[in-house]
Amino acid sequence: MIRVGVIGAAGRMGLRVCRAVAVADDLRLVAAIDRSKVGHEIGKMIGHPEIDVPVSDELDRLLEADVEVAIDFTHSEVVMDTIRWCISHAVHVVVGTTGVTQEGIQEIEKLLSDEGHESNVVIASNFALGAVLMQRFAAQAARYFPAVEIIELHHDQKADAPSGTAVSTVHRIREDREHTWRGPLDETLEGVRGGDVDGIRVHSVRLPGLVAHQEVIFGGEGQTLTIRHDSTDRSSFMPGVLMAARAVMTRPGLTVGLEPLLELPPLP
Ligand code: NAD
C-alpha cells in the first residue's frame, strides 16, 4: 500500500484524484490538503465515507500522515512552493498542475541534487494517454511538415493560457525539428494570430462546455494534417496519474511527461 496525500484535494482534479486513489487496491488516501473546505471530511466529499481524512491547509499534515507520495493539482502560482516543500521533506511528488516553467524545471533538478535525491518528482502537463500520443505523433509529423500551428481549447475556469499541454507540445515538436516556420505575422487586430510560444503560434479557446482539447495543424503543399485529442471527461487523466503515483517512488530524480513511463518504442 502506497500512502498518498493529495494537494488541491477539493478542486475539480483533486476530487477526481482522491476518488481514483480511494478505489485503487494498492494506494491509500491518507491526507487531503486544500485551502478551501478545511475541516470537511474528504471521504464524504468523494462518496467514500469510510475514509476518515479531514481536509487540512497545512502541508505538515503530509508528514503527520506518513505520506510517501504527494499528488499536486493546485495552481501555477503555488505549485513551485509545494514542490520545494516536498523535496526538502523527502516526500515523492507527482505534479499535475500546469504552468511550471523551464526555469522551474531547472530549479527542481538542482533542489533534488542539493537534497541528495531523497525524493523523486514526476511532472506532466497532461496525464491523458491520448494527449501523450498526440504530442508524439506531432513530433513525428513535424519532420515532414515544418508549418504548424496549435489550437488548444479548454473550459472557461482554466487558470492559465496557453495550456501546459500546448507548451509541452511546442517543446516536443522543437526537439525533432531543426528549423522554425513562423508564418505571416501581419495582424490588423492585435493578438488575432495567437501567441508565439518558442516560434510556434498557439491559439487558446476558453468556453463553457469544453474540458481539454487540442489540435495540432500541419500545413503542406496542397494538404493539411490535423492531429486532435479530446479529453471529454476528467476521468481521462486518472490512469496516468495513478501510473505516475506508482512509478515515482522508484524513478530516480525528475521525470518530465508521462511518455517515459509508457515504455513506448523510440521514434524511427
Ligand atoms: P481547481 O481550481 O478546480 O482546483 C485547484 C484547487 O487547489 C482548489 O481546490 C484550490 O482551493 C486549491 N489550492 C490553490 N492554492 C492552494 C494552496 N496554496 N494550498 C492548498 N490548496 C490550494 O483547478 P483544477 O481544474 O482542478 O486544475 C488544477 C491544476 O491542474 C491546473 O493547473 C490545471 O491546469 C491542471 N490540470 C492538469 C491536468 C494534467 O493532466 N496534468 C489535467 C487537468 C488539469
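Just so we're clear, the structure is a prediction, and the values are computed from it rather than from any experiment. (Residues numbered from 1 in each chain as written. Predicted model: local features only at pLDDT ≥ 70, side-chain atom pairs only at ≥ 80, totals over all residues. Heavy atoms only, no water.)

Engineer: How should the overall build of the protein be read in this particular structure?
Structural biologist: In terms of regular secondary structure, the protein is built from nine helices and 12 strands. For the protein, whose C-alpha radius of gyration is 19 Å, the value lies close to the compact-globule estimate of 18 Å for 268 residues. With the principal axes as the frame, the protein shows a C-alpha extent of 60 × 40 × 30 Å. Expressed as a percentage of its 268 residues, the buried residues of the protein come to 50%. (Helix = DSSP H or I, 4+ residues; strand = E, 2+ residues; numbered from the N terminus. Rg over C-alpha atoms; globule rule 2.2 N^0.38 Å. Buried < 20%, exposed > 50% of the residue type's maximum accessible area, 1.4 Å probe, protein only.)

Engineer: Teacher, can you tell me more about the packing of aromatic side chains here?
Structural biologist: Two aromatic rings, taken as a pair, are described by how far apart their centres are and by the angle between their planes. Within the structure shown, the criterion is met by two aromatic pairs. Consider the rings of Phe73 and Phe127, whose centres lie 6.1 Å apart with planes at 55°: the pair is tilted. Here Phe73 is found in the loop between β4 (69-72) and α4 (79-88), whereas its partner Phe127 is found in the loop between β6 (121-123) and α6 (129-141), with 54 residues between them in sequence. Pair check on accessibility: Phe73 and Phe127 agree, each one buried. (Phe/Tyr/Trp six-rings, centres within 6.5 Å; stacked < 30°, edge-to-face > 60°.)

Engineer: Whenever I open this one, helix α7 (residues 164-176) confuses me. Can you help?
Structural biologist: The α-helix advances 3.6 residues per turn, and as a result positions three or four apart in sequence lie on the same side. Over its 13 residues, α7 runs 19 Å from end to end, which matches the ideal 18 Å to within 8%, given 1.5 Å per residue. As for α7, its buried residues are in contact with α6, β7 (147-154), β8 (195-197), β9 (200-206), β10 (212-220) and α9 (259-262). (Expected span 1.5 Å × (residues − 1). Contact = heavy atoms within 4.5 Å.)

Remember that the coordinates give geometry; whether it matters functionally is a separate question.
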